[in-house]
Amino acid sequence: MVGVPLVRRTRKRSRPTRIGTVLDYAALGWPVVPGAYPLRHGARACSCDRVGCPDPGVHPLSPAWSIQATTDAAQLTRWWQADPEANVILPTGRVFDIFDVPLDAGLSALTRIDEAGADHGPVAAHGDRVLFWVATRGNPEDEDEWWSCHLDTGPATIDDNPGLRWHCRDSYVLAPPSALVGGQSVSWLRPPDGRPLPDPVRVLEWLAD
């Protein structure tokens, strides 16, 4: 009897779709809203309708992003079915805040946190920046309960803060797997694992060292 060669069939791993990642964020309780994305061809650099967009691919599609951001799976599915390439915008100051630091300082701090066995929370690489997810200071209805910080950064002031930035209420970040100009993308260095987010003051101590 002639043996029949064994043919191994390998299954291709399915790549996660952007909407799948968006729904994962929503399942964590993180509100999401669609963002513009960089265009690879043509005269325009950004998918938005603004001529000469100064921030191609790194801003929400709608000026009403703060109101529209949601965890509703049906709405999120409609948005990303209509525009599958839309970047992923996560508002801050609701479920989490973000420390946004230069790449070298962020990687150095992350190494030291790992070596100390401390809690760094989710961490993402965003071009020449590193983003640290931390527990939020919140967004109290009573303004007297809000404490401001000179590190606070929003969309209008981000260029004024090249060092350490604290994204809290009325701000947002571009989340993985959003595309960046130049072909890079935002990516996880330490993905969320469902654990509570770390105290921002504790993480700030590592970043400010």
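Here the structure is a predicted model, which is why all the values come from computation and not from measurement.

Undergrad: Which parts of the structure should I look at to understand the overall build of the protein?
TA: Helix and strand counts for the protein stand at five helices and nine strands. Ordering the α and β elements of the protein from the N terminus gives α-β-α-α-β-β-α-β-β-β-β-β-β-α. Counting over 209 residues, the protein shows a buried share of 42%. The contacts of the protein with a sequence gap of at least 6 include a subset with a gap of at least 24, amounting to 73%.

Undergrad: Is there a simple way to explain the environment of Pro-34 in this structure?
TA: In this fold, Pro-34 is placed in strand E1 (residues 33-35). Taking relative accessible area as the criterion, Pro-34 reaches 11% and is therefore assigned buried. Along the chain, Pro-34 and Pro-60 lie 26 residues apart, while their C-alpha atoms are 6.0 Å from each other.

Undergrad: Help me understand the sheet that holds strand E8 (residues 172-175), please; the structure alone is not making it clear to me.
TA: Backbone-to-backbone hydrogen bonds pair the strands of a sheet. The strands run either parallel or antiparallel. Taken in spatial order, the three strands make up an open sheet running E1-E2-E8, and their pairing is antiparallel. Edge positions in the sheet fall to E1 and E8, since each of these pairs with one other strand and no more. When strand polarity is set aside, the average angle formed by the axes of neighbouring strands in this sheet is 40°. Of the pairings in the sheet, the one linking strand E2 (residues 87-91) to E8 comprises four bridges and is antiparallel in character. The partner of Ile-89 across the bridge, within E8, is Leu-174. Its contacts with the sheet put helix H1 (residues 18-27) on E2 and E8, and the angle it makes with E2 is roughly 10°. Taken strand by strand, helix H3 (residues 73-82) contacts E1 and E2, and its axis lies near 15° from that of E1.

Undergrad: Which parts of the structure should I look at to understand the pattern of salt bridges?
TA: Pairs can form between side chains of opposite charge whenever their charged atoms are close. What the rule picks out here adds up to five salt bridges. For Arg-137, the salt bridge identified is with Asp-97, shortest N-O distance 3.8 Å. With Arg-137 in the loop between strand E5 (129-135) and strand E6 (152-153) and Asp-97 in strand E3 (residues 96-102), this residue pair connects regions lying 40 residues apart in the sequence. Here Asp-193 and Arg-195 are joined by a salt bridge, their closest N and O atoms 2.8 Å apart. Overall, the relative accessible area of 48% leaves Asp-193 in the partly exposed class. Salt bridges here are not isolated pairs; linked through shared partners, they connect Asp-100, Arg-129 and Arg-165.

Undergrad: I would appreciate a short explanation of the environment of Ala-179 in the present structure.
TA: Here Ala-179 is to be found in the loop between E8 and strand E9 (187-190). Leaving out residues up to four positions away in the same chain, Ala-179 has contacts with Arg-18, Pro-38, Gly-57, Asn-87, Leu-174, Gln-184 and Ser-185.

Criteria and cut-off values
- Residues numbered from 1 in each chain as written.
- Predicted model: local features only at pLDDT ≥ 70, side-chain atom pairs only at ≥ 80, totals over all residues.
- Heavy atoms only, no water.
- Helix = DSSP H or I, 4+ residues; strand = E, 2+ residues; numbered from the N terminus.
- Buried < 20%, exposed > 50% of the residue type's maximum accessible area, 1.4 Å probe, protein only.
- Contact = heavy atoms within 4.5 Å.
- Pairing = 2+ DSSP bridges.
- Axes fitted to C-alpha atoms, helices over the stretch in contact; angles between N-to-C directions.
- Salt bridge = Lys/Arg side-chain N within 4 Å of Asp/Glu carboxyl O.

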